[in-house]
Each structure stands twice: as structure tokens, then as C-alpha cells.
Amino acid sequence: MKLILLFVTLLLPALGQAASAQIPAAPILAAKSYVLYDYASSQVLANQNGDTRMEPASLTKLMTAYLTFDALKHGTLQPGQSLTVPASAVRSASGESRMLLKTGQTVTVDDLLHGLIVQSGNDAAITLALNIAGSEAGFVDMMNKEAKRLGMSNTHFTNAVGLPDAQHYSSAADLAILAASIVRDYPQYYALFGLRDFTFNNVTQANRNRLLWIDPFADGIKTGHTETAGYCLVGSAKRDNRRLISVLLGADSDSLRATESQKLLNFGFQTYDAVRLYQKDQPVTKVRIWKGSESQIKLGFRQDLFLSIPKGQMAQLKATLETRQPIIAPVSAGQQLGVLKLSLAGKPYAEYPLYALENVTLANVFSRGWDSIRLLFQ
């Protein structure tokens, strides 16, 4: 039996008038690398050296925070639990950001998270890492395994805080994936990234993320800086229930990383529309299935399908369904059976997997035999 591809053109919701299709040019920014990521659609709207491996500096602590959230989720840690600060966490390298912890001091996990995220405290990061994994080396192994699981293909960690090391690197695209994973997997903790300051032991330290002051829609997420990495910022803003994530690496100053990040976010909100093409579990189409209890099976998406598209160009968008034939029972709900390919003015634009929305079991012996005969002539 020969496998063939079946192509079906689908109708999309009509929004606006037809216009000459053109992808907006990304802004030219004063940074070594940057990416603009649409959270709902998982699209990259702007990319300058986004896959280049670079020093992440304290953006490393996004993974430290992610693993701490995971420990809270699984009960390894509790928010009100007190942890003892190890001597290895209390170091005083010049310029190192700290929560100002003291050796042997007991601090709650909740306070350590505030110190990690708002104050970017290396001492908070080490304290959490050692209590979660027993050693920083063990925690680093967890970081790298989680990075691999999330699909961060240009990332490798050697420490929990972001100290410079030749084998400690990430990319703007990978850091966008990590930031999106925090928003998606741990929304209950995301508000921590929007706090402007935190007071511990009567010392108040401000969040270094200037976006929180200059952009009323910004609500996160983390800064980083070393002499070799330059000034870095993962930012995020939400307007009209639409979230964009910006990653900017290697700016020359604190103020520049904020203003350039705001330019990037403004570019996305001002030049792209967000459209929900299909709802979760909404049948997109039906296709033929052989040897099953049903003759057709519904295909759709496991989550709402959003798309960012240049403003005024919806009419230029075309959708084609591609499936590999024949589809033979049994099929389980959630099994990928096709791909939705989108083109803009005849050029490939995006593609998304299509899944079975229902179970189709095997038919009886007679029906299966009859379908076997019919397939010989297909």
C-alpha cells in the first residue's frame, strides 16, 4: 500500500480588507541579540541573532526560579518553610548582586524567592539551589535537564547564578522559551517578577527592570549584567489580554536595555494583530478513516490556536490541511494526524500540528475486510 499526502484548503475567518502582503521590518536596536516572542501563538516576530550562544548573566536565575517553582509544586519546598543560609552562599565578590544574607541565618522560601527575583540575589539563588539539590553541581544538572526538556537547544549552564564561564551560555530564543514557560506553568508566581522593590532586614532594594517604570503595561521579567555579557533584559508586557515577551542581550547600558526593549515591545503591539483562528477542540475538518467504527474522524487543536499577523493582511492568509493517507483505525484522541500550513500571499508563514479530537475503534471483521479490498483500488 502506497502512502500519499492529502491536501485540503480550509476557510479562515475574514477580518478586514485585502492588502498587499508585507512582513514588517524589525526595528534596528542597539544590542548584540534580540528576539520578540508572541506568547499565545509561540511565534517569533523579530529575530536578530536569536540563536547565537551568548552569556546570559543573571538571566540564568530564571531557570533557578523555574526549578524552585517546580519544587514548590511537588512539595519539596513550602513557601513558609525556613531554610538555613550556607556559608558558600555568602560571598562578597565585587559588584555581585546580593540579598545581603548571613551565614547560618534562617530565611523563608518566600523571602528567598523575592530576593532571587526582585533583588537578583546570588546568595538567595545558592541557598535555594543547595536546599533543593544538595549541591550547586547537582542543581546545575537539574537546570540542564530542564533546559533540554523545554527545547532550549542553545543553552548550557555551569552555575546557578550566571557567573561568566566559557561553557555557561544561552540564546535570546531559548530565554524567550524559558520566560514563556514560567508564565504558562507557574502563573501563580509570575506576579513576583512585576514587583518594583523588596525590603529584607530593613534594607530596600529596587528591581533593576526599568520597564516596570517606563511602560505601564510591563509586568516582568528579569535583568542581567556582567562586564562581558553587557546589559541584558527579558521583558514582558500585556495589552488587551495579549502578551509579548522581549529578550535583549548585550546592550551598552542599563537605560539602553530598557528603552530598546520597549521599542521591541511597541513594534510587536503596533504592527501585528492577534487573531484566534480556532478554538480548543473545535473541529477544523473531517477526514476519511479506514477499518474503523466510524468512516470519518474530526481533526482540530488541543489548545486555542492564535496567530499574529501583520495588520491589515488577514485576507492574504490561506490555510491548507496536509495529512498522510490512508489513516487506519484504531486512532486515539490527541494523536497527531496532520499539519495545518498557513501561507501569506503565497509564501509559507506558519504551521501547526492537527490532532484527532475523538477515539475511533476498530470496526468488525467484515467491515475491516471490505475496507482492505477498497484500499487496494485507492
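A. Quick look at the packing of helix 2 (residues 109-117) against helix 3 (residues 122-133). Contact geometry for helix 2 and helix 3: axes closest at 8 Å, N-to-C directions at 135°. One element, helix 2, and the other, helix 3, form an angle in the oblique class. Seen along the crossing, helix 2 lies across helix 3 with a hand that is left-handed. Contact with helix 2, carried on its side by Val 109, Leu 112, Leu 113, Gly 115 and Leu 116, involves Ala 124, Ala 125, Thr 127 and Leu 128 of helix 3 and no other residues of that element. Per-class residue counts for the contact of helix 2 with helix 3 are seven nonpolar, two polar and no charged.

B. View of the pattern of salt bridges. Applying the stated criterion across every chain, the model contains 13 salt bridges. One salt bridge connects Glu 260 with Lys 263, and the closest N-O pair in it is separated by 2.8 Å. Here Glu 260 and its partner Lys 263 are both found in helix 8 (residues 254-271), three residues apart, which amounts to about one turn of the helix. Accessibility expressed as a relative area gives 4% for Glu 260, which makes it buried. Its relative accessible area of 45% is what places Lys 263 among the partly exposed residues.

C. Here's a closer look at the packing of helix 3 against helix 4 (residues 136-150). Look at helix 3 against helix 4: their axes get within 8 Å of each other, and the N-to-C directions meet at 85°. Considering the angle they form, helix 3 stands roughly perpendicular to helix 4. Residues Ile 126, Ala 129, Leu 130, Ile 132 and Ala 133 of helix 3 touch helix 4, and the partners they reach there are Glu 136, Gly 138, Phe 139 and Met 142.

D. Focus on the pairing of strand 2 (residues 33-38). In terms of residue burial, strand 2 counts as a mostly covered element, since six of its six residues are buried. For strand 2 and strand 10 (residues 242-251), the ladder comprises six bridges, and the chain directions are antiparallel. Considered in strand 10, the bridge of Leu 36 is made with Ser 246. Where strand 2 folds back onto strand 3 (residues 43-48) in an antiparallel hairpin, the turn is made up of four residues, including Ser 42, whose phi is positive at roughly 60°.

The rules behind each value
Residues numbered from 1 in each chain as written. Predicted model: local features only at pLDDT ≥ 70, side-chain atom pairs only at ≥ 80, totals over all residues. Heavy atoms only, no water. Axes fitted to C-alpha atoms, helices over the stretch in contact; angles between N-to-C directions. Helix = DSSP H or I, 4+ residues; strand = E, 2+ residues; numbered from the N terminus. Parallel < 35°, antiparallel > 145°, perpendicular 65-115°, else oblique. Left-handed = near helix turned anticlockwise from the far one by under 90°. Contact = heavy atoms within 4.5 Å. Nonpolar A, V, L, I, M, F, W, Y, C, P; charged D, E, K, R; others polar. Salt bridge = Lys/Arg side-chain N within 4 Å of Asp/Glu carboxyl O. Buried < 20%, exposed > 50% of the residue type's maximum accessible area, 1.4 Å probe, protein only. Pairing = 2+ DSSP bridges.

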